[in-house]
Amino acid sequence: MSIRPITSTPSFKGLIVSTSDKIAVNTKHIISMKETSDIGKVQTQIYLTDKTIRTINAPLRDVLQAYLKASPNDCNIEHVKPSKF
């Protein structure tokens, strides 16, 4: 699998946005997700095709809800809404 250079027009699928973490992730580039916890703080790590990791301060189920709404269409922009623990 190759990654397009920055100068080309990137392929786009829906977008996951976490305004509190100042992160936006194109769902087309997500390889996998994993929930982690650190001293009572639940986070979701998102692994991308360029071998980087983005961390969102929300449980995996909340990130997956946003992913499922954003991924079907390139016009979809979905905000992660962390649920109460």
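Residues numbered from 1 in each chain as written. Predicted model: local features only at pLDDT ≥ 70, side-chain atom pairs only at ≥ 80, totals over all residues. Heavy atoms only, no water.

Visitor: With reference to specific residues and values, describe the overall build of the chain.
Guide: Helices and strands together make up the secondary structure of the chain, namely 1 helix and 6 strands. Each helix and strand of the chain, ordered N terminal to C terminal, gives the series β-β-β-β-β-α-β. Among the 85 residues that make up the chain, the fraction classed as buried is 33%. When the accessible area of the chain is evaluated, it comes to approximately 5,900 Å², of which 55% is carbon and sulfur surface. (Helix = DSSP H or I, 4+ residues; strand = E, 2+ residues; numbered from the N terminus. Buried < 20%, exposed > 50% of the residue type's maximum accessible area, 1.4 Å probe, protein only. Areas by Shrake-Rupley, 256 points an atom, 1.4 Å probe, with all protein chains shown as cover.)

Visitor: Describe in detail the pairing of strand E5 (residues 53–56), supporting the description with residues and values.
Guide: With 4 bridges connecting them, strand E4 (residues 41–48) and E5 associate as antiparallel partners. Its bridge partner lying in E5, isoleucine 46 is registered against arginine 54. The turn joining E4 and E5, which pair antiparallel and follow one another in sequence, is formed by 4 residues; a positive phi near 70° is taken by lysine 51. (Pairing = 2+ DSSP bridges.)

Visitor: How would you summarise the side chain of threonine 27 if you had to cite specific residues and measurements?
Guide: Tracing the backbone shows threonine 27 in the loop between strand E2 (23–26) and strand E3 (30–38). The residues touching threonine 27, leaving out its near neighbours within four places in the chain, are Lys13, Gly14, Leu15, Ile16, Tyr67, Ala70 and Ser71. (Contact = heavy atoms within 4.5 Å.)

Visitor: Break down the confidence of the model for the chain for me, with residues and values.
Guide: Mean pLDDT for the chain: 84, with 85% of residues reaching 70 or above. Here strand E6 (residues 77–79) stands out as the least confident element of the chain, with mean pLDDT 90; E5 is the most confident, with 94. Below a pLDDT of 50 lies the segment residues 3–9, which in the model reaches 5 contacts outside its immediate sequence neighbourhood of four places, other chains included. (pLDDT = per-residue confidence, 0-100.)

Visitor: An account of the sheet that holds E6 is requested, with residue identities and associated values reported.
Guide: Spatially, E2-E1-E6 is the arrangement adopted by the 3 strands of the open sheet, whose pairing is mixed. Each having just a single partner strand, E2 and E6 make up the two edges of the open sheet. On average, adjacent strands in this sheet sit at an angle of 20° to one another, irrespective of strand direction. Pairing between strand E1 (residues 15–18) and E6: 3 bridges, direction parallel. Looking at E6, one finds that valine 17 is bridged to histidine 79. Contacts between helix H1 (residues 60–70) and the sheet are confined to E1 and E6, with E1 contributing the most and set at about 145° to the helix. (Axes fitted to C-alpha atoms, helices over the stretch in contact; angles between N-to-C directions.)

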